[in-house]
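Observations on the three-dimensional arrangement
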Amino acid sequence: MSHLVIVESPAKARTIGQYLGGDYTVKATMGHVRDLPKSGIGVDVKNDFELNYQISEGKDALISELKKLAKSSETVYLATDPDREGEAISWHLKELLGLKNEQAKRVTFNEITKKEVLSSIQQPRAIDDQLVDAQQARRALDRIVGYEISPVLWRKIKTGLSAGRVQSVATRLVVDREDEIRAFKADEYWTIEVSLKRLQGAGTFTAKYFAPVGKKAAELGTEAEADAIINAVTHAPFAVHSISHNDKRRSPAPPFTTSTLQQEASRRHSMSPKRTMAIAQQLYEGIEVPGHGLTGLITYMRTDSLRLSDDAVTDARNYIAKTYGENHLPKAPKVYKTKAGAQDAHEAIRPSYIDLPPDSVRAHLSPEQYKLYKLIWDRFISCQMENAVFDVLTIDTVSAGEVFRANHTTVKFAGFTAVYEEGKDDSEEEVGVALPNLAQGEALGLENILPHQHFTKPPARYTEASLIRAMEEKGVGRPSTYAPTISTITDREYVVREAKQLRPTPLGETVTRYMLDKFTDIVDVAFTARMENELDEVEDGKKRWKTMLGEFYGEFSQSVKTASEDTNRVKVPDEETNFVCDVCGRKMVVKLGRFGRYMACEGYPDECKNTKPVAEETEGICPLCSGKILKKKSKKGYAYYGCEKSPACGFMTWGTPQKTNCEQCGNTLFKPRYSKVGLCENPQCSAYIPEDARGYKKKETTEGAESTDSKKPASKAASTKTTAKKTTAKTPAKTEKSATKTAKPKAEKTTAKSDTTAAKTTKPKTAAKTAKPKAAPKTATKTATKAPAKKAAKKTTTEAND
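The structure displayed is predicted, hence computed values, not measured ones.

Here we take up the overall build of the chain. Summing up its helical and strand segments, the chain has 22 helices and 31 strands in all. Within the chain, the fraction of its 802 residues that count as buried is 51%. Here the chain has roughly 37600 Å² of accessible surface; of this, 49% comes from carbon and sulfur atoms.

Structure follows, in structure tokens:
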């Protein structure tokens, strides 16, 4: 008796194959087997939205093989991922293989463990047509929006642009935040700190102005208000007014969902959402662990649920009691409520095996896999632990009727913090320094009084983590779309990353303002959230998917028609920089060429030919010539740092500039990726460590942009000076010229699954191994101009699918 099991990735196929045994043949589809065409909309809007599916490129031989295997198999188990898209892939397989209902069985695995696999195989079900319809509706909706708006943007703004139902809203969120920052008007306020000492016994401490006695916290808005208080207390006695101890309890964070995992990985390990999902996919599908074989280490990583299985909670509680003691274990398991509107189709993300803690498998994981696995493990264990308890000591001192307050927080019971504490986008509350043992009514002496002027700060730009949180809160997209959406808006140059923050480019702002004018609904947050709710209604069987598309397309097509009739073109303004052209002295601006952003003189190309790669100023100072350190990108896209006076100076490093300086020479410290601390790069400093003595093997040739040998920057600079001059003057001219030769827009599917395809079959390499400086810079723009125009014209115009 033979059975065929079809999954999506080879890694998952190997893991499941070893659990099922010889009666089962397990094959992988390597992602989609059928989809809408890459060229052409693929949706017949005039014929009830019929979809024109085609076998995916390169999958004909696979389909033929699967057909032969299906004919000789009693049962075909369609075991693609347990989400809408996985359901749709199973449906496509059933259609392509010509399977009858009694032969095609749908199974899903929340985790790739032997117990789960064997149990699921024994409980197959039919394909869920409502899930398939919801995925088809999303696919058609995104294809319609992308294919009908993108050509309008090409004609009205710039060739090669794209729009999308979710990406356009995500871009708008970033643009709106930038508008808030520009419109922000700072308000002045003052704080006063007093340094107090005990008159009897040793001990000094600092207290901050709080309010008049008996009043709520007051804010000092002007210097005059601060001066009035300073004058009143300068010669008046200070005394301890009250001392209070309060217990403050803090609950653990719930287990990870897709969104919170991406946010925390970004905060803790600077992982992009796309990279986070790729590594999570590897952990889910299986890692070779001695004694266990190929083992799935975590549960399914695309989920918006906080639900945990009873068995998993029991295992966690047993582990906590054994490892940390009964006092760290709550009397009853902690249950977390999933937010309203969540699909709740799968458990929260958690480890599959409690008996495989991170350190026990560390030797078999890549550094990124270990970091993410430990993050998931720690969060899951901590979510079932007792609350942490803190003792908050508050001392109020009084002088001239004014209260000055000092606080200090100490850990009374560690609870879950013994394992894990959630990272924060904003700084934590001040803990305060230890306070002396004072008595109520005790007289104090005034040592010093310091007023401080402050100004309110504008809202912070989004980081990848905070943008994902905003999208989730506003109902924009679903867990599987967050990562590909952020990748899309950065790849399209609508948004750029600067010091972990997301800033809109002039192109992104121009496109967003045009969309707001012509396609208001598409970039409306509430409208987009409502569309997500309608897709959920299709999944629940409350609405037909073609009815939903018909309701949407009526007004949308009219908006497209109106925008197309407008003959006015929109100019994208150049982005000003603080850099000065070293040829003619004018300002340098950022332009968008055929192959991305580059800096050019304001007079380019008619009056001055000077161009340079885009660079970002940092706070670092060059250890060789004291020039500014600029952040740049190598030909392969890796970030490196070099002197602003390059090539005359020639200093470059892969290390990130730190805010702290060398204690010996006072120069900026640079932290390499392989190091936990910043290192001094000044060869004349006693703290300088040559690269070949830093504990890693340095390659003789490296891939970089500005230096072939960091020990010989001067000679390197001289050898590359001529090359740099030749390339920078010509490249952008070719770039701008070739930009007009692009073809009509082609759509290329961008899905959450495709984000992880490469990661499934290729072992990840660390940047430290691949991103080292190599021979002289034949700038990235020169290399790019050699690429055929047709290849670059393949711009995606559609959104990521669920």
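Tracing the chain through its elements places Ser244 in strand 11 (residues 238-250). Between the alpha carbons of Ser244 and Asp391 there is a distance of 10.0 Å; along the sequence they are 147 residues apart.

Between the first and last C-alpha of helix 16 (residues 525-539) there are 21 Å, a value that for 15 residues agrees with the 21 Å anticipated at 1.5 Å per step. Of the surrounding elements, those touching the buried residues of helix 16 are helix 3 (84-97), helix 5 (129-156), helix 6 (167-183), helix 13 (464-474) and helix 17 (545-565). Here helix 16 starts with a cap whose side-chain oxygen sits 3.3 Å from the backbone nitrogen of Ala526, and that cap is Asp524. Gly541 sits one or two positions beyond helix 16 and adopts a positive phi of about 80 degrees.

We now examine the packing of helix 5 against helix 16. Packing of helix 5 against helix 16 leaves a shortest axis separation of 7 Å and a crossing angle of 150 degrees. Classified by the angle their axes make, helix 5 and helix 16 are roughly antiparallel. In this structure, helix 5 crosses over helix 16, and the sense of that crossing is right-handed. For the pair helix 5 and helix 16, contact is made by Gln130, Leu131, Asp133, Ala134, Ala137, Arg138 and Leu141 and by Met531, Glu532, Leu535, Val538 and Glu539, respectively. Partitioning the contact of helix 5 with helix 16 into residue classes produces seven nonpolar, one polar and four charged.

What follows concerns the packing of aromatic side chains. Within the structure shown, the criterion is met by 15 aromatic pairs. Where Tyr209 meets Phe404, the ring centres are 5.5 Å apart and the plane angle is 70 degrees; that geometry is what we call edge-to-face. Of the two residues, Tyr209 sits in strand 10 (residues 204-212) while Phe404 sits in strand 15 (residues 402-413), which places them 195 residues apart along the sequence. Just as Tyr209 is buried, Phe404 falls in that class too. A ring pair is formed by Tyr284 and Tyr300, whose centres lie 5.3 Å apart and whose planes are at 70 degrees; its orientation type is edge-to-face. One end of the pair, Tyr284, is in helix 9 (residues 273-285); the other, Tyr300, is in the loop between strand 13 (293-295) and helix 10 (310-324), with 16 residues separating them in the sequence. As far as the burial class goes, Tyr284 and Tyr300 line up, both buried.

Attention now moves to the pattern of salt bridges. One pass over the structure, following the stated rule, counts 47 salt bridges. With a shortest N-O distance of 3.4 Å, Glu264 and Arg268 are connected by a salt bridge. Here the residue Glu264 and the residue Arg268 both occupy positions in helix 8 (residues 258-269), the gap between them amounting to four residues, near one helical turn. Under the relative-accessibility criterion, Glu264 is labelled buried at 0%. In this structure, Arg513 and Glu509 form a salt bridge, with 2.8 Å as the shortest nitrogen-oxygen distance. With Arg513 and Glu509 both in helix 15 (residues 506-518), this residue pair falls four residues apart, about one helical turn. Residue classification places Arg513 among the partly exposed positions, given a relative accessible area of 36%. Residue class for Glu509 comes out buried when judged on its relative accessible area of 10%. One salt-bridge network, in which partners are shared between bridges, spans Glu178, Arg461, Glu498, Arg503 and Glu575.

Across a regular strand the side chains alternate sides, sitting on one face of the sheet and then on the other. Counting buried residues in strand 25 (residues 639-643) gives four out of five residues, a clear majority hidden from the surface. The sheet contact formed by strand 24 (residues 628-633) and strand 25 spans five bridges and is antiparallel. Paired with Lys632 across the two strands is Tyr640, which belongs to strand 25.

Attention now goes to the sheet that holds strand 2 (residues 24-28). Ordered by their spatial adjacency, four strands build an open sheet running 2-1-7-8, and the pairing between neighbours is parallel. Lying at the two open borders of the sheet, with one neighbouring strand each, are strand 2 and strand 8 (104-106). Along the sheet, successive strands turn relative to each other by an average axial angle of 25 degrees, direction set aside. In this structure, strand 1 (residues 3-7) lies alongside strand 7 (residues 75-78), joined through four bridges in parallel fashion. Note that in strand 7 the partner of His3 across the bridge is Thr75. Where helix 2 (residues 60-71) meets the sheet, its contacts fall on strand 1, strand 2 and strand 7, and the angle it forms with strand 2 comes to roughly 165 degrees.

Moving on, we come to unusual backbone geometry. With an omega dihedral of 0 degrees, the bond running from Tyr604 to Pro605 counts as a cis peptide bond. If you check the backbone angles, Met30 has positive phi at about 60 degrees while not being a glycine. Relative to the helices and strands, Met30 resides in the loop between strand 2 and strand 3 (34-35). Look at Met30 and you get partly exposed, because its relative accessible area is 36%. One non-glycine residue with positive phi stands out, namely Ser270, at about 55 degrees. Looking at the element boundaries, Ser270 is found in the loop between helix 8 and helix 9. Residue Ser270 is classed as partly exposed on the basis of its relative accessible area, which comes to 47%.

To continue, consider helix 6. In this model helix 6 runs 24 Å from its N-terminal to its C-terminal C-alpha over 17 residues, within 8% of the 24 Å that 1.5 Å per residue would give. The secondary structure elements touched by the buried residues of helix 6 are helix 13, helix 14 (482-491), strand 17 (495-498), strand 18 (501-504), helix 15 and helix 16.

Here we come to the sheet that holds strand 28 (residues 668-671). Ordered by their spatial adjacency, three strands build an open sheet running 27-28-29, and the pairing between neighbours is antiparallel. Two strands in the sheet have a free side with no partner beyond their single neighbour: strand 27 (656-661) and strand 29 (679-680). Alignment of strand 28 against strand 29, held across two bridges, turns out to be antiparallel. Bridge pairing links Phe670 to Leu679 in strand 29.

Within the secondary structure, Leu297 is located in the loop between strand 13 and helix 10. For the pair formed by Leu297 and Val361, sequence separation is 64 residues and the distance between their alpha carbons is 9.8 Å. With near-sequence residues (within four places) excluded, Leu297 lies in contact with Leu283, Ile287, Arg350, Pro351, Ser352, Tyr353, Leu356, Leu365 and Tyr373.

What counts, and where the lines are drawn
Residues numbered from 1 in each chain as written. Predicted model: local features only at pLDDT ≥ 70, side-chain atom pairs only at ≥ 80, totals over all residues. Heavy atoms only, no water. Helix = DSSP H or I, 4+ residues; strand = E, 2+ residues; numbered from the N terminus. Buried < 20%, exposed > 50% of the residue type's maximum accessible area, 1.4 Å probe, protein only. Areas by Shrake-Rupley, 256 points an atom, 1.4 Å probe, with all protein chains shown as cover. Expected span 1.5 Å × (residues − 1). Contact = heavy atoms within 4.5 Å. Polar contact = N/O pair within 3.5 Å; in protein donor to acceptor, adjacent residues only side chain to side chain. Axes fitted to C-alpha atoms, helices over the stretch in contact; angles between N-to-C directions. Parallel < 35°, antiparallel > 145°, perpendicular 65-115°, else oblique. Left-handed = near helix turned anticlockwise from the far one by under 90°. Nonpolar A, V, L, I, M, F, W, Y, C, P; charged D, E, K, R; others polar. Phe/Tyr/Trp six-rings, centres within 6.5 Å; stacked < 30°, edge-to-face > 60°. Salt bridge = Lys/Arg side-chain N within 4 Å of Asp/Glu carboxyl O. Pairing = 2+ DSSP bridges.

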